[in-house]
Amino acid sequence: MSGAHAEEEHISSYGFYVKIWLALLFLTFMTVSVSYVDMKKFTLFTAMLVATVKAGLVVLFFMHIRFDKPIFGVMLMVTLIEYLIFIVLTFSDYAYR
Amino acid sequence: MSTAVVNANSAHDSHDAEHHMPYDPMGIKIGMWLFLFTELLLFGGLFIIFAVYSHMYPREFHQGSSHLSVPMATFNTFLLITSSMTIAQSITALRTGNKKLCLSLLTFTIACAAGFLVVKSFEWGAKFHHDLYPGTEVYFALQPGESAFFSLYYLMTGLHALHVIIGGILIAVVMRAVSKGTVNQEKYAFLENAGLYWHLVDLIWIYLFPLFYLVG
Amino acid sequence: MSEAAVDKPKVNYYNAKSGIMSWLTTTDHKRLGIMYLYSLGVFFAFAVFMAFLLRLELFTPEIDVLTFGGAQAGDLYNRILTLHGIVMVFLFIVPGLPAVFGNFCLPIMIGAEDVFFPRINLLSWYCYVLGGLFAIFSIALGGPDTGWTFYVPYSTTTGHNVYVPVLAAFIVGWSSILTGLNFVTTVHRLRNKNMSWFKMPLFVWSLYATGWVQIIATPVIGILLLLVMMEKVFGIPVFDPRIGGDPVLFEHIFWIYSHPAVYIMILPAMGVVSEIIATFSRKTIFGYHFIAYSSIAIAAIGSLVWAHHMFTSGMANEARVIFSFLTFFVAVPSAVKVFNWIATMYKGSIRLSPPMVYTMMFILIFSIGGFTGLHLGALSVDIHLHDTAFVVAHFHYVMFGSAGIIFFAAMHYWFPKMSGKLYNEVVAHIAGVLFFIGFNATYFPLFIAGYLGMPRRYASYLPEYEFYHKFSTIGSWVMIFSMLLMFGNLIYAARKGKKSSDNPWGGATLEWHTSSPPPTLNFDKLPDDIPGSYDYPLEVVK
């Protein structure tokens, strides 16, 4: 099937995955140790920031979005943006109550 | 749970014998991703509830969070991240023709899933020991808001644990298919989809972990 | 199979195999479409009967019809009203067009042999039927009395059985998700290589947009229904104010799904309208790109307006203003479509066959439904009209009068393709006109009564509303009669009708380029050069 061949995907090496894994472990270590420092309002922000970086690594490299056709990334972004809008609009109520 | 059925099928669905459509791993993967979006939004609904309540009761949520065990959850995070790596590597192994390595990586992944559940059951067990679960007197004696925290704690980590179980079963099914050879170097979409599902389980935990255990 | 080929001139999807098992295990999208049609028909008839009882009760101001079984006054009414809502919304109007006509037509329209996941398609049908059976089964347990919205705290505290219908809605939700997932994948991967995105029929575009809404919105209500069950069955409260929960949050999450669900209902209908108007005006659709994009725009904007259902629930003022403002935006893409349809008809060579007549009625009814929607979207007016019969009239205009009548139009449009037979057009016209009269007679008085203050969901009312209710009830009888006539006509035609040609309406989309009924794999031979979906030959066919 020549068509299927054209869509042959990138294969990542074992070592590459180990690097991502180390990065994820480092971020986990960081977020846990930082949680013992009281940063008031920034606690939630940093925790979410680190989580999002971790999630980004998982999605881009483990889930291969980085190497797949752009359509996957576009679909994912559509879904995430939609979800963000759900949250923002829900808070248009709760933030002003 | 219909999600299990769905997942097994969407990952597994090759085309009907009487149709002559070519094997299309990319299409199967699109289907899988769309299914993952539904999973994301399934949890998404719960995350919205969590966000609203933690906005309404910041102090009570902090209070509730201090009852949870950070070491256990950190260890579980470690397990999930590691298993996420091994299942990604198993795809590399299968696609470069190393079936044996693929199977051992998958076995390791299932072991991590089992480990996660064991730790989780200790964690829940400790709460149950103190009667700290919805419906008890201890639970209703909590501050309003703190009890909501625990409702959400059980619902969200419970639903996540259910997904760990489903994921584990799914990986076991894939392993059988790999060892029988129906999933192989050429036809690897099922393994890839099981991997995607497992990464999703990891992904949700990446957010559950700081929200429940650390922000408090 | 070869024997059948000898006595019958042509093997098609319908006669290729026989026996009940060949249907129950089929993965053929056309057969699944037919199976959905039958099962949908059963649930629809059931819900219409419920509505008939409700209208009968409202014929007089007192509670005098629904009093049997020693029920408390109004209690039976509440339960029938709930069942009517659940069955109509979750089992008829949400799955309706995509499940029946989407399944039947989408793969053919894009030149494919089937949907991408044929077995998941079958699973989806089983989810649908299982959910439907649960919903019907709940009657045996007394039936729920919460209304189809299952609002907490009532749904978690009422003594009536709630979890069975909640479970039913949950399962049907999965059917909806799987269908949407299947359609989106199919459109991405199985389009014929000569069919680019902007050559696709507009019905396919609308199904694609609908598929996305189904995928993104449905799980949100799935989890919500699960939470209601958790609270009811395992006693894990989430929205209970005793633990600091907020029932308004339930409403938010409920409408995050249920408002987009309105677009799941209406978008495919709009797609069908585009097909029918182009075919019967024999003109290229006006503003193809705008109609295609407006489907996406409706799907997108439609998911930003949910809280306009909650203006009186106690939200923050800021939120009410924002949602009211956003609501007006949805009207824009809807209006784009209406103007394009009218422009397509302009100077067209219009043939008033039944599907076209139904569609023209749709445009009128949809416009009324849409405009009254603007009344309700306007914050200050809504405070007056909220929870009155005005709302009931509005959503019946949009759901039943628009999506519903297009379901009938689609039935008449694709009937020759599905069955290979022709129906009696005169009877279909009479039924259509009677439906139009009956429909407006039923629901228009409710606008007035609602404006004057008649609340919704009440079994009894003050005598000053009696005229409107009597009018409405009599209208409902006309409407039911017209539907019996319509279905009777089609059922008769399916058995005894004249044989139809492959392209009785002179349509240009691909389903008209195959035989009627189509063969199992849809095309004996696909046209080499895929024609444009709206390229009509200049001379009139036939």
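Residues numbered from 1 in each chain as written. Chains lettered and ligands numbered in written order. Predicted model: local features only at pLDDT ≥ 70, side-chain atom pairs only at ≥ 80, totals over all residues. Heavy atoms only, no water.

Of the residues lining the interface, 21 residues belong to chain C; the matching set on chain A comes to 14 residues. Carbon and sulfur atoms supply 70% of the area buried between chain C and chain A, which totals about 1,600 Å² over both sides. Taken together, the links from chain C to chain A amount to one salt bridge. The salt bridge involving Arg97(A) is made with Asp246(C); its shortest N-O contact spans 3.3 Å. Linking chain C with chain A are seven residue pairs in polar contact (both at pLDDT 80 or more), by the criterion used here. Elements that contribute at least two residues to the side of chain C that touches chain A include exactly helix H8 (163-189), helix H9 (202-234), helix H10 (247-281) and helix H12 (317-345) of chain C. In terms of residues, the side of chain C that touches chain A owes the most to one element, H12(C), which gives five residues. Class assignment of the residues belonging to the side of chain C that touches chain A gives a composition of 14 nonpolar, four polar and three charged. (Contact = heavy atoms within 4.5 Å. Buried area = accessible area lost by both parts, 1.4 Å probe. Salt bridge = Lys/Arg side-chain N within 4 Å of Asp/Glu carboxyl O. Polar contact = N/O pair within 3.5 Å; in protein donor to acceptor, adjacent residues only side chain to side chain. Helix = DSSP H or I, 4+ residues; strand = E, 2+ residues; numbered from the N terminus. Nonpolar A, V, L, I, M, F, W, Y, C, P; charged D, E, K, R; others polar.)

With that settled, consider the pattern of salt bridges. Applying the stated criterion to the full structure yields eleven salt bridges over all chains. What emerges from the salt-bridge pattern is a single network uniting Asp68(A), Lys29(B) and Glu192(B).

Let us now look at the domain arrangement of chain A. Residues and elements named next belong to chain A. Domain assignment breaks chain A into domain 1 (2-66) and domain 2 (68-97). Once you take the C-alpha centre of each, domain 1 and domain 2 turn out to be 20 Å apart. Each partner contributes to the interface: domain 1 provides seven residues, whereas domain 2 provides five residues. When domain 1 packs against domain 2, the two sides together hide about 420 Å² of surface, and 51% of this comes from carbon and sulfur. At the junction of domain 1 and domain 2, the tally comes to zero salt bridges. For the interface between domain 1 and domain 2, the tally reads two residue pairs in polar contact (both at pLDDT 80 or more). Class assignment of the residues belonging to the side of domain 1 that touches domain 2 gives a composition of three nonpolar, one polar and three charged. (Domains from an automatic or database assignment.)

Looking now at the packing of helix H3 (residues 29-57) of chain C against helix H17 (residues 466-496) of chain C. Packed helix pairs are characterised by how far apart their axes lie and by the angle those axes make with each other. All names here are of chain C. Direction vectors running N to C along H3 and H17 enclose 155°, while the axes themselves pass 9 Å from each other. By the angle between their axes, H3 is roughly antiparallel relative to H17. Here H3 and H17 pass one another in a crossing that is left-handed. Facing H3, whose interface residues are Phe44, Val48, Phe52, Arg55 and Leu56, H17 presents His469, Ser472, Thr473, Ser476, Trp477, Ile480, Met483 and Phe487. Class assignment for the residues of the contact of H3 with H17 results in eight nonpolar, four polar and one charged. (Axes fitted to C-alpha atoms, helices over the stretch in contact; angles between N-to-C directions. Parallel < 35°, antiparallel > 145°, perpendicular 65-115°, else oblique. Left-handed = near helix turned anticlockwise from the far one by under 90°.)

A few words on a nonpolar patch on the surface. Taken together, Phe26(A), Phe29(A), Met30(A) and Val34(A) make up a surface patch of nonpolar side chains, about 380 Å² in accessible area. By the element assignment, Val34(A) lies in helix H2 (residues 14-35). (Patch = residues over 30% accessible without salt bridge, like charges linked within 9 Å, V, L, I, M, F, W, Y side chains within 5 Å. Areas by Shrake-Rupley, 256 points an atom, 1.4 Å probe, with all protein chains shown as cover.)

We now examine unusual backbone geometry. Residues and elements named next belong to chain C. Cis rather than trans, the peptide bond between Val152 and Pro153 has omega equal to -5°. Tracing the backbone shows Pro153 in the loop between helix H6 (118-140) and helix H7 (154-157). The phi angle at Lys347 is positive, at roughly 60°, despite the residue not being glycine. Looking at the secondary structure, you find Lys347 in the loop between H12 and helix H13 (354-377). A positive phi angle is found at Asn522, which is not glycine, with a value near 80°. Inspection of the secondary structure assignment puts Asn522 in the segment after strand E2 (498-499). Owing to a relative accessible area of 0%, Asn522 belongs among the buried residues under this scheme. (Buried < 20%, exposed > 50% of the residue type's maximum accessible area, 1.4 Å probe, protein only.)

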